[in-house]
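Observations on the model geometry
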Amino acid sequence: MFLARVIGSVVSTKKDETMRGQKLLLLRPMLVDEAKPAQFRAGANTIVAVDTLGAGSGDLVLFCQGSSARQASGMKALPIDAAVVGLVDSVEVLGHRLA
Amino acid sequence: MFLARVIGSVVSTKKDETMRGQKLLLLRPMLVDEAKPAQFRAGANTIVAVDTLGAGSGDLVLFCQGSSARQASGMKALPIDAAVVGLVDSVEVLGHRLA
Amino acid sequence: MFLARVIGSVVSTKKDETMRGQKLLLLRPMLVDEAKPAQFRAGANTIVAVDTLGAGSGDLVLFCQGSSARQASGMKALPIDAAVVGLVDSVEVLGHRLA
Amino acid sequence: MFLARVIGSVVSTKKDETMRGQKLLLLRPMLVDEAKPAQFRAGANTIVAVDTLGAGSGDLVLFCQGSSARQASGMKALPIDAAVVGLVDSVEVLGHRLA
Amino acid sequence: MFLARVIGSVVSTKKDETMRGQKLLLLRPMLVDEAKPAQFRAGANTIVAVDTLGAGSGDLVLFCQGSSARQASGMKALPIDAAVVGLVDSVEVLGHRLA
């Protein structure tokens with residue numbers, strides 16, 4: 001999984017039938033550089049993930065990708081490859097608290 | 001999933017038998033840079049995805065990859081690893097509407 | 001899937017038993033830059049894919065990766081993660097014909 | 001799989017129900033450059049993986065990704081795409097012992 | 001699949017139970033640049049793969065990744081995402097023999 005910040009949302013009316021009603025969030029991965037372990041670095045790519053946990057803009061979340069995303073609650077037969085699987089309370093890196 | 005712009009199409013007559021009749025689109029991923037959240041940035045790689053939703057050149061779409069692409073409508077046993085799963089109506093990023 | 005040019009071949013005598021007799025091609029992905037949509041750009045990585053469609057050196061092909069490669073004809077239980085799934089007749093990008 | 005150093009941990013109270021009680025570690029991949037085979041190089045991305053082997057901060061571990069992570073002990077139906085699968089005793093590269 | 005050179009080995013005593021006795025090799029992917037098709041270029045990342053074919057240090061091998069690695073002989077339920085699936089006898093690229 002990767003950590004990510006919720007930066008937006010996507011609306012798609014015409015989509016695969018099984019995806020009706022699913023909430024689509026735009027995520028920016030948050031990484032930690034070796035030289036600066038006390039802060040996050042924004043990843044370059046932005047990913048669209050399905051969310052069923054109620055994440056909102058600005059939240060730090062945990063998301064998983066690939067077939068594992070279909071193991072998230074209610075996602076079994078959906079054509080999705082990314083899902084929010086946790087809202088993050090805190091992250092600790094080498095003694096620093098980043099979130 | 002990733003957002004992408006439809007930039008072209010691919011014709012392949014001699015292909016895996018199960019893929020007969022499938023429409024193949026060339027997609028360019030569309031990402032959002034942290035410093036410029038009000039516009040898209042074009043991704044470097046171009047991907048071929050199967051489309052059953054009627055996407056056309058210039059459309060902004062949502063596509064999924066890997067085994068999840070085979071969960072799209074009618075794709076169950078096909079040797080495909082990318083499928084268009086939604087036509088995008090709107091994208092909102094940090095208060096900006098990008099599409 | 002990605003577009004790729006067949007640039008070579010690989011011979012492996014000692015291999016997983018299920019792979020006996022499989023033809024292994026070396027592929028170079030072919031991408032399209034946003035600023036130059038009228039021509040292909042060669043990708044940096046070279047991939048080994050199984051081919052059952054009769055592709056030859058110099059051919060432009062479509063290949064798929066991951067578990068989907070095992071959906072290609074005759075590949076069900078093979079330890080392969082890339083397969084040629086189509087020989088490409090033509091590619092059209094923003095009004096340009098690239099192949 | 002990749003080698004990685006455990007650099008931190010993640011706490012998520014609100015998460016997919018199946019993930020309750022799982023320990024989440026933040027990993028930094030450790031790679032070996034061709035020109036410097038006697039030492040590790042830190043990878044740029046940081047990954048969140050589930051751990052059931054008791055890895056702690058600073059440990060060198062082996063982790064796997066994708067659907068294979070769900071083959072780790074007790075992970076069958078979890079929406080996870082990365083798991084620690086081994087604690088590393090030693091790594092030998094071209095005659096050098098790195099760990 | 002990718003071509004790779006065996007550059008080392010990994011020992012892990014405490015690991016997922018199903019992996020007991022598996023031999024873990026460190027691999028460096030070998031790629032071919034478009035401008036220099038007569039020689040290999042070393043990839044930047046180093047990968048740990050399970051080997052059951054008897055590959056040794058310096059050998060050129062073929063490895064597969066993801067769920068397909070579990071299709072290799074004896075790997076069915078293991079939490080592994082990379083396996084050596086062939087020892088390479090020869091590689092031919094645009095008329096050059098690289099191995």
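Residues numbered from 1 in each chain as written. Chains lettered and ligands numbered in written order. Predicted model: local features only at pLDDT ≥ 70, side-chain atom pairs only at ≥ 80, totals over all residues. Heavy atoms only, no water.

**Things to note about the overall build of chain A**
Rules: Starting at the N terminus, helices and strands are each numbered in turn, a helix being any DSSP run of H or I of at least four residues and a strand any DSSP run of E of at least two. Note on exposure labels: buried denotes an accessible area under 20% of the residue type's maximum, exposed denotes more than 50%, and partly exposed covers the range between, all computed with a 1.4 Å probe on protein chains only. The criterion used for residue contact is that any of the two residues' heavy atoms lie within 4.5 Å. The positive count covers Lys and Arg only, the negative count covers Asp and Glu only, and His and the chain ends enter neither. Where a charge sits is defined by one atom per residue type, namely NZ (Lys), CZ (Arg), CG (Asp) or CD (Glu).
Along chain A, the regular secondary structure elements total zero helices and eight strands. Dimensions of chain A, computed from the C-alpha atoms along their principal axes, are close to 45 × 20 × 20 Å. In chain A, which comprises 99 residues, the proportion classed as buried is 62%. Contacts spanning at least 24 positions in sequence make up 54% of the contacts within chain A whose residues lie at least 6 apart. Measuring between centres, the 11 positive side-chain charges of chain A sit 5 Å from its 9 negative side-chain charges.

**Regarding the relation of the copies chain E and chain D**
Rule in force here: In this comparison the copies share one frame, found by least squares on the C-alpha atoms of residues holding pLDDT of at least 70 in both.
When chain E is brought onto chain D, the operation consists of a screw motion whose angular component is 72 degrees and whose axial shift is 0.0 Å, with 0.0 Å RMSD remaining. Here the copies are linked by what is in effect a five-fold axis. Here only 3% of the interface residues in chain E have copies in chain D that are interface residues too; the copies meet through unlike faces.

**As for the interface of chain A and chain D**
Rule in force here: The term buried area refers to how much accessible surface (probe radius 1.4 Å) is lost by two components on association, counted for both of them together. Any Lys or Arg side-chain nitrogen located within 4 Å of an Asp or Glu carboxyl oxygen qualifies as a salt bridge. Counting of polar contacts relies on pairs of N or O atoms within 3.5 Å, with two restrictions inside protein: one atom must be capable of donating a hydrogen and the other of accepting it, and residues adjacent in sequence are counted only when both atoms are side-chain atoms. Residues are grouped as follows: nonpolar covers Ala, Val, Leu, Ile, Met, Phe, Trp, Tyr, Cys and Pro; charged covers Asp, Glu, Lys and Arg; every other residue, Gly included, is treated as polar. Pairing between strands is defined by DSSP: at least two bridges between the two strands are required.
With 28 residues of chain A at the contact, the number on the chain D side is 33 residues. Contact between chain A and chain D buries roughly 2400 Å² in total, counting both sides, with carbon and sulfur atoms accounting for 51%. Viewed at the interface, chain D and chain A are joined by zero salt bridges. Counting across the interface, chain A meets chain D through 19 residue pairs in polar contact (both at pLDDT 80 or more). Looking at the side of chain A that touches chain D, the element that brings in the most residues is strand E7 (residues 90-93) of chain A, giving four residues. Looking at the side of chain A that touches chain D residue by residue, the classes come out as 16 nonpolar, seven polar and five charged. Pairing between E7(A) and strand E1 (residues 2-11) of chain D: four bridges, direction antiparallel. Considered in E1(D), the bridge of A:Glu92 is made with D:Ser9.

**Structural notes on the relation of the copies chain A and chain D**
Note on the identical chains: chain A maps onto chain D by a rotation of 72 degrees and an axial translation of 0.0 Å, with an RMSD of 0.0 Å. Interface overlap between copies is the fraction of interface residues in one copy that are interface residues in the other; for chain A against chain D it is only 4%, indicating separate surfaces.

**Details of the side chain of C:Ser12**
Residue and element names in this part refer to chain C. Along the chain, Ser-12 falls in the loop between strand E1 (2-11) and strand E2 (23-31). Accessibility expressed as a relative area gives 4% for Ser-12, which makes it buried. Separated by 3.4 Å, the side chain of Ser-12 and the backbone oxygen of Lys-14 make a polar contact.

**Topic: the interface of chain E and chain D**
Contact residues are listed per partner, giving 33 residues for chain E and 28 residues for chain D. Interface area, chain E with chain D, both sides summed: about 2400 Å², of which 51% is carbon and sulfur. Contact with chain D buries surface across chain E, with E:Lys14, E:Pro79 and E:Asp81 losing the most and accounting together for 21% of the total. Taken together, chain E and chain D are joined by zero salt bridges. At the surface where chain E touches chain D, the tally comes to 19 residue pairs in polar contact (both at pLDDT 80 or more). Looking at the side of chain E that touches chain D, the elements that each hand over two or more residues are strand E1 (2-11), strand E2 (23-31) and strand E4 (47-51) of chain E. The greatest single-element share of the side of chain E that touches chain D, amounting to five residues, is contributed by E1(E). Each residue belonging to the side of chain E that touches chain D can be placed in one class, and the counts come to 17 nonpolar, nine polar and seven charged.

**Re the environment of B:Leu26**
Summarising the element assignment, B:Leu26 is placed in strand E2 (residues 23-31). Placed 46 residues apart in sequence, B:Leu26 and B:Ala72 show a C-alpha to C-alpha distance of 18 Å. Filtering out sequence-adjacent residues up to four positions away, B:Leu26 remains in contact with B:Arg5, B:Val6, B:Ile7, B:Gly8, B:Ser9, B:Thr46, B:Ile47, B:Val48, C:Leu3, C:Val32, C:Val91 and C:Val93.

**Observations regarding the pairing of strand E4 (residues 47-51) of chain B**
Residues and elements named next belong to chain B. Among the five residues that make up E4, five are buried, leaving the element largely enclosed by the rest of the structure. Neither face of E4 is open: one carries Ile-47, Ala-49 and Asp-51, the other Val-48 and Val-50, and all of them are buried. As defined by bridge partners, E2 adjoins E4 across five bridges and the pair is classed as antiparallel. Pairing of Lys-23 across the sheet is with Asp-51, part of E4.

**Brief notes about the confidence of the model for chain A**
This is how the line gets drawn: The quantity known as pLDDT measures the predictor's confidence residue by residue, on a range of 0 to 100.
Looking at chain A, pLDDT values average 96 and 100% of them are 70 or higher. Among the scores for the predicted complex, ipTM is 0.96 and pTM is 0.97.

**Side note on the state of the cysteines**
Note the threshold: The disulfide definition used here is simple: a pair of cysteine sulfur atoms within 2.5 Å.
Counted according to the given criterion, the structure contains zero disulfides over all chains. For the unlinked cysteine C:Cys64, the closest cysteine sulfur is that of B:Cys64, found at 13 Å.

**Description of the environment of D:Leu25**
Counting through the fold element by element, D:Leu25 comes out in strand E2 (residues 23-31). Placed 59 residues apart in sequence, D:Leu25 and D:Val84 show a C-alpha to C-alpha distance of 8.8 Å.

**Some remarks on the side chain of D:Ser90**
Here D:Ser90 is to be found in strand E7 (residues 90-93). The class of D:Ser90 is buried, set by a relative accessible area of 14%. Apart from the residues within four sequence positions on either side, D:Ser90 is in contact with D:Arg97, D:Ala99, E:Ser9, E:Val10 and E:Val11.

**Topic: the arrangement of the chains**
At the C-alpha level, the nearest point of chain C lies 10 Å from chain D, with no contact between them. Regarding chain B and chain E, which are not in contact, the minimum distance between any of their C-alpha atoms is 10 Å.

**Side note on unusual backbone geometry**
Residues and elements named next belong to chain B. Located in the positive-phi region is Leu-94, a residue other than glycine, with phi close to 45 degrees. Looking at the element boundaries, Leu-94 is found in the loop between strand E7 (90-93) and strand E8 (96-97). Overall, the relative accessible area of 48% leaves Leu-94 in the partly exposed class.

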